[in-house]
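# Descriptive structure summary
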Amino acid sequence: MEKKENEVNIGFFKKIWYSITKFEQYPAMSAEGVGNAIKYLLILTIIVTIFAMIGSLLKMNKLVNNIAQYIEQNIPEFTYSDGKVAMEIEQPIIIENIQYNGINKIVINPTAETDEQKEQSQKDETIVGTTIFFFKDNIILKSKVNDEQVIDQQYTYSDFITNYTGENIATFNKSELVEYLTSQKMTQFYARYGSSIFLYLLVFELIGALLNTLEIAILGWITSRCVRIKMKFTAIYSMAIYSLTLSIFLNILYMVINYFTSFTITYFQVAYITIAYIYLIATIFILKDDLIKKMQEVEKIKKEQEKVKEEIKEQEEKKEEPKEKDDEEKKEKKEDDEGDEPQGSEA
């Protein structure tokens, strides 16, 4: 009970403030344990993920509107019925320079009906990155890393429409599709997309944050050994988590700026780790200074104790000197008295 009463739990927002402005509070926060530090990191990661998800949703909304505009202006009339697309074109329609990081190229080729024709189209048009093929009866998404590593994902139109809209739409034409893409009916699509991208980004961001903090903690542990401070790795790891706070908020700011502008920082990840490492190193050196001060105080106390002991010893010696002198005087007087005793008379 006494132990629990003495424990001080620092609030989340105080931890943010202390992590950015007060190095001296790092030991107190790390004393709460690695578990609390990881919970703190998880909350920060969720905040980052929310901003990343919002940014992704805004980009997706912009992409959908651009697609709707492109379809209206550049795609000939078409119809969808019974899971198949009908379009009167002689050559495939190729869309490049797409303003969305997740898609590099779109190929619309309903004229390729046989498997051989589809394979030839994919072979000719697939590029490094993500290419989406819209054929007569299915959609193929190809993710190419290099010539040897290509990942295929295939969807039927009916499955694709049901998964992303939640509706079983049997037929539509060009004008109906454009109207649908720009209407409130897309809300369910954005909700599904947002939830799936949130989970994906959360796992991705959390793994990245844990690896980053581990890297910072290892560097901090090496530094602590170099400056001859013995610290548990768990304590260093907890402090590494708190040292990442400023970098995380700078990352959020960078995401916001990057969405509205084309501003990029080439070595942002290096700066991200470096800032956190500087925070951790500053904390370690503060701990070292505190340790040196404590050792100096201990030495000072020892010197004072030695001085007091010497003073007590001197006082005891001074007390003993008069006593010894009195004993000597008494002894001499006694010897003199014995020497003055009368000798017996001679007969």
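Look up: the structure comes first, before these words.
The structure contained in this document is the topic of the report that follows. Counting of residues starts from 1 at the beginning of each chain's written sequence and follows it residue by residue. The predicted nature of this model means local features are confined to residues of pLDDT at least 70 and side-chain atom pairs, given and counted, to a pLDDT of 80 or more, with totals for whole chains, interfaces and linings taken over all residues. Only hydrogens and water are set aside when side-chain values are computed; all heavy atoms of the structure are taken into account.

Hydrogen bonds between backbone atoms are what pair the strands of a sheet, whose relative direction is either parallel or antiparallel. Strand order in the open sheet formed by 5 strands is β3-β4-β5-β6-β7, and the pairing between neighbours is mixed. Strands with a single pairing partner mark the edges of an open sheet, and in this sheet they are β3 (93–95) and β7 (150–156). Ignoring strand direction, the axes of neighbouring strands in this sheet form an average angle of 15°. Note on pairing: DSSP must find at least two bridges between two strands before they are called paired. A run of H or I in DSSP counts as a helix once it spans at least four residues, and a run of E counts as a strand once it spans at least two, with each numbered from the N terminus. Sheet topology note: the strand β6 (residues 138–144)/β7 ladder contains 7 bridges and is antiparallel. Directly across from K144, in β7, lies its bridge partner V150. Working rule for contacts: check all heavy atoms of both residues, and any pair within 4.5 Å makes them a contact. Between the N-to-C directions of two axes lies an angle of 0 to 180 degrees, each axis being a line fitted to C-alpha atoms and, for a helix, fitted only over the stretch in contact. Contacts from helix α5 (residues 115–125) reach β3, β4 (105–108), β5 (129–134), β6 and β7 within the one sheet, and its direction differs from that of β5 by about 150°.

Comment: phi is negative for the bulk of residues other than glycine, and the bulk of peptide bonds are trans. One non-glycine residue, D82, lies in positive phi territory at about 55°. Position of D82 among the secondary structure elements: in the loop between β1 (78–81) and β2 (84–87). A positive phi angle is found at R228, which is not glycine, with a value near 65°. Within the element layout of this structure, R228 appears in the loop between α8 (187–226) and α9 (233–243).

What follows covers the pattern of salt bridges. For this analysis, a salt bridge means a side-chain nitrogen from Lys or Arg found within 4 Å of a carboxyl oxygen belonging to Asp or Glu. Under the criterion given, the structure shown has 6 salt bridges. Across the pair K136 and E113 runs a salt bridge, and its minimum N-O distance is 3.3 Å. Taken as a pair, K136 in the loop between β5 and β6 and E113 in the loop between β4 and α5 lie far apart in primary sequence, 23 residues in all. For every residue, the accessible area (1.4 Å probe, protein chains only) is compared with the maximum for its type, and the residue is labelled buried under 20%, exposed over 50%, or partly exposed between those bounds. With a relative accessible area of 27%, K136 lands in the partly exposed category. Overall, E113 belongs to the partly exposed group, its relative accessible area being 48%. In this structure, a network of salt bridges that share partners links the residues E96, K105 and E125.

On to the sheet that holds strand β8 (residues 171–173), then. Strand order in the open sheet made by the 3 strands is β2-β1-β8, with antiparallel pairing throughout. In this open sheet, the two edge strands, each paired with only one partner strand, are β2 and β8. Going across the sheet, the axis of each strand differs from the next one's by a mean of 15°, ignoring polarity. Along the sheet face, helix α7 (residues 174–181) touches β1 and β8 and points at about 95° away from the line of β8.

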